[in-house]
Structures are given as structure tokens and as C-alpha cells.
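# Descriptive structure summary
Now for the letters of each chain:
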Amino acid sequence: MNGGPSGFNNAPVTRTIVIASTLFTVLFGIRGRSSQLSWSYQDIFKKLQIWKLIVSVFAFSSTPELVFGIYLLYFFRVFERQIGSNKYSVFIFFSVIASLLLEVLALKLLKDPSLKILTSGPYGLIFSSFVPFYFDIPVSARFRVLGLQFSNKTFIYLAGLQLLLSSWKRSMLPGICGVLVGFLYHSNIFHIRRLKFPNFIASFFSRLSLPSMGSASPTGQGRNVVGNAPSYAGRQVEGNYPARSSSTINPPEDSIATLVSMGFDRNSARQALIHARNDINAATNILLESQTH
């Protein structure tokens, strides 16, 4: 499972978050201040070190956390492609703010000495993304290892578990708060899923982030990279991916059957596979995108 086409094509907000997290983590690591990134209730409300709260949204405390965190952020760019950069910006804002509030409340209520300091990093955003990942991304492949059944989603869950347990309780609390926020967003509390920022806010990320290497945006397909998500006339599965030539080999029947077993229409599944060059994961993303509009 690769989250669709490679690169940050049609995912400028994700690209900005990934770049910011990497730069902040490396910068503080080079200066030997990684240990100062973690924050506590006393740091914020007694010492008024608000900068720790802001930096903790982006910078990870260690290199292993950075590796797994960036991997998950990069994969979850599929959600920005599905709902559009504007609504995804709302999701990020809600996930970060709400998870931080829950973390502060938990630190205030819990009296566990081992939870005086929490690790830093975009845990709220990452773990809230696991909720739509669980509900909205179907399993496209299953396999067995030593008699145990796994799916192509298993590796994402394992990466999340590694990140969740990276600093034990100090990372578990932000992760759990992120999952709770993800459920709040999924339940559409306060009609949060309908909200949009002014278009200039989402377009700001596109101007701020660097161009993606080898991921030029397709032209002539009516796709608005930032702002609203693409329109699919008649719910056709096209737009993001260039059409194949007339010499394209028909998609394998087993791939079509896999998509049909997920609940997709056979003709739509076949068309999606053609546009995705018979990549079943990319075809799944195309079909999911067409269903959200």
C-alpha cells in the first residue's frame, strides 16, 4: 500500500508538514536541543514557555520517531487527495488543537509522575489520521505468514504502533489523544467536516512548499491542486491520472474482482485500473476519490 501515486502531487499541505517536521527536528538535533523539545504542564502554564507547545507540533524528539512519523505523514497524504487541501487543512488544524487540549487536560488530571513530560511531534495529526485510515481505506490484499493472516494495511498499523510506543507513556498519551480526536472528526462533531478555510490559506501551503521532484501535476484535467477537491462528472474515475493509450492491455480479472469485492462497480473498477496502469492500490484511491464527491 503506497497511498496512491508517488510524490506529493496534489498534496501541498502534506508536503509542507513533512518539510517543516524534518527541518525542525534536524535543526534542534544539530544544536543538541532535542531533549528540550518535550513539554510539561508546568512549562506551559507556570514557566510560560509557549514556544515548546508550538515547536512540539512539528519537531520529533529523536531520529527513530522522525523516520516512522515522516513515513506515516507521507502515506496519509492520500486523505488530502480525497477531500482536497482546503478541508485537509481544517482536519490538521482541528487535530492539532484538539489533541493538544486533551493532552493538557490529561496532564492536569493525571497524577502519574512518569507523565510529567510528553514527547514532541505531530502525534495528534498522525494518530487522528488512523481513524479515517481504518474506516475509509479498504483492504486490497491479504496474505499469510507463519499461519497468521495479514493485509496490506498491517505495515501502516505496525509503523503506528512503533511510534506510539517509542517513548512509552510519554508518547502513548499524545497518540491516544490523537485517536480520540480522529473519532470526534469522524463523527462530524460541530459539523467540522463541512468547514473550509478561505482559499488563500490552503493556497499558501502550495506557494510555501518546494516543488515535488518528478511529480508534475497533470494538465488539462480540471484538477484544482489546492482549495476544493476535484469534480468527477458523472462520478467518472478519471482526472488525476493520464489515460492509457489504445494499446493498453486489459486489466487482470483478479484485480477487477478484488475491487468489485470491495463494493465498487465492475465498469468503474476496470476504468480505474486502466488509469492507474493496473496498480490496484492507486486504482482503489481513484475510486475512493470519486466517491467522496
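Here's what I pulled together on the structure shown here. (Residues numbered from 1 in each chain as written. Predicted model: local features only at pLDDT ≥ 70, side-chain atom pairs only at ≥ 80, totals over all residues. Heavy atoms only, no water.)

If you tally the helices and strands in the protein chain, you get 14 helices and four strands. Relative to its full complement of 293 residues, the protein chain shows a buried share of 49%. Taking all contacts inside the protein chain whose residues are at least 6 apart in sequence as the whole, residues at least 24 apart take part in 76%. About 14800 Å² of surface is accessible on the protein chain, with carbon and sulfur atoms providing 64% of the total. (Helix = DSSP H or I, 4+ residues; strand = E, 2+ residues; numbered from the N terminus. Buried < 20%, exposed > 50% of the residue type's maximum accessible area, 1.4 Å probe, protein only. Contact = heavy atoms within 4.5 Å. Areas by Shrake-Rupley, 256 points an atom, 1.4 Å probe, with all protein chains shown as cover.)

Attention shifts here to unusual backbone geometry. Excluding glycine, residues mostly have negative phi values, and the peptide bonds linking residues are mostly trans. In this structure, Leu146 takes a positive phi of about 55° despite not being glycine. With respect to the element layout, Leu146 can be found in the loop between strand E3 (142-145) and strand E4 (148-151). Phi is positive for Phe190, close to 55°, though the residue is something other than glycine.

Here the focus is helix H10 (residues 169-186). Relative to the 26 Å expected for 18 residues at 1.5 Å per residue, H10 spans 25 Å between its end C-alpha atoms, a close match to the ideal helical length. Within H10 the residues assigned to the buried category are Ser171, Leu173, Pro174, Gly175, Cys177, Gly178, Val181, Gly182 and Tyr185. Packed against the buried residues of H10 are helix H5 (77-83), helix H6 (85-109), strand E2 (117-118), helix H7 (123-128), helix H8 (130-136) and helix H9 (154-164). A positive backbone phi angle near 60° is found at Asn188, which sits one or two residues after H10. (Expected span 1.5 Å × (residues − 1).)

With that out of the way, let us pick up the packing of helix H1 (residues 12-30) against helix H4 (residues 63-75). In contact at an axis separation of 10 Å, H1 and H4 are set at 170° when each is read in the N-to-C sense. Between H1 and H4, the interaxial angle falls into the category roughly antiparallel. Contact residues: Thr14, Ile17, Val18, Ser21, Thr22 and Thr25 in H1; Leu66, Ile70, Leu73 and Tyr74 in H4. Of the residues assigned to the contact of H1 with H4, the class counts are six nonpolar, four polar and no charged. (Axes fitted to C-alpha atoms, helices over the stretch in contact; angles between N-to-C directions. Parallel < 35°, antiparallel > 145°, perpendicular 65-115°, else oblique. Nonpolar A, V, L, I, M, F, W, Y, C, P; charged D, E, K, R; others polar.)

Moving on to the pairing of E3. Where E3 and E4 come together, four bridges link them in antiparallel fashion. Note on E4: the bridge partner recorded for Arg142 is Ser151. (Pairing = 2+ DSSP bridges.)

Right, let's talk about the packing of aromatic side chains for a bit. A complete count under the given rule lists 21 aromatic pairs for this structure. Geometrically, the ring pair formed by Tyr123 and Phe127 is stacked, given 5.9 Å between the ring centres and 15° between the ring planes. Of this pair, Tyr123 and Phe127 both sit in helix H7, separated by four residues, roughly a single helical turn. Accessibility assignment for this pair places Tyr123 and Phe127 in one class, buried. Relative to Tyr157, the ring of Phe130 lies with its centre 6.2 Å away and its plane at 25°, an arrangement referred to as stacked. Remark: Tyr157 occurs in helix H9 and Phe130 occurs in helix H8; sequence separation between them is 27 residues. Pairwise contacts between aromatic rings join Phe60, Phe75, Phe76, Phe79, Tyr123, Phe127, Phe130, Phe133 and Tyr157 into one cluster. Directly above the aromatic system of Tyr74 lies the positively charged group of Arg77, at a separation of 3.9 Å from the ring centroid. One cation-aromatic arrangement involves Lys153 over Phe133; the distance from NZ or CZ to the ring centre is 4.6 Å. (Phe/Tyr/Trp six-rings, centres within 6.5 Å; stacked < 30°, edge-to-face > 60°. Lys NZ or Arg CZ within 6 Å of the ring centre and 35° of its normal.)

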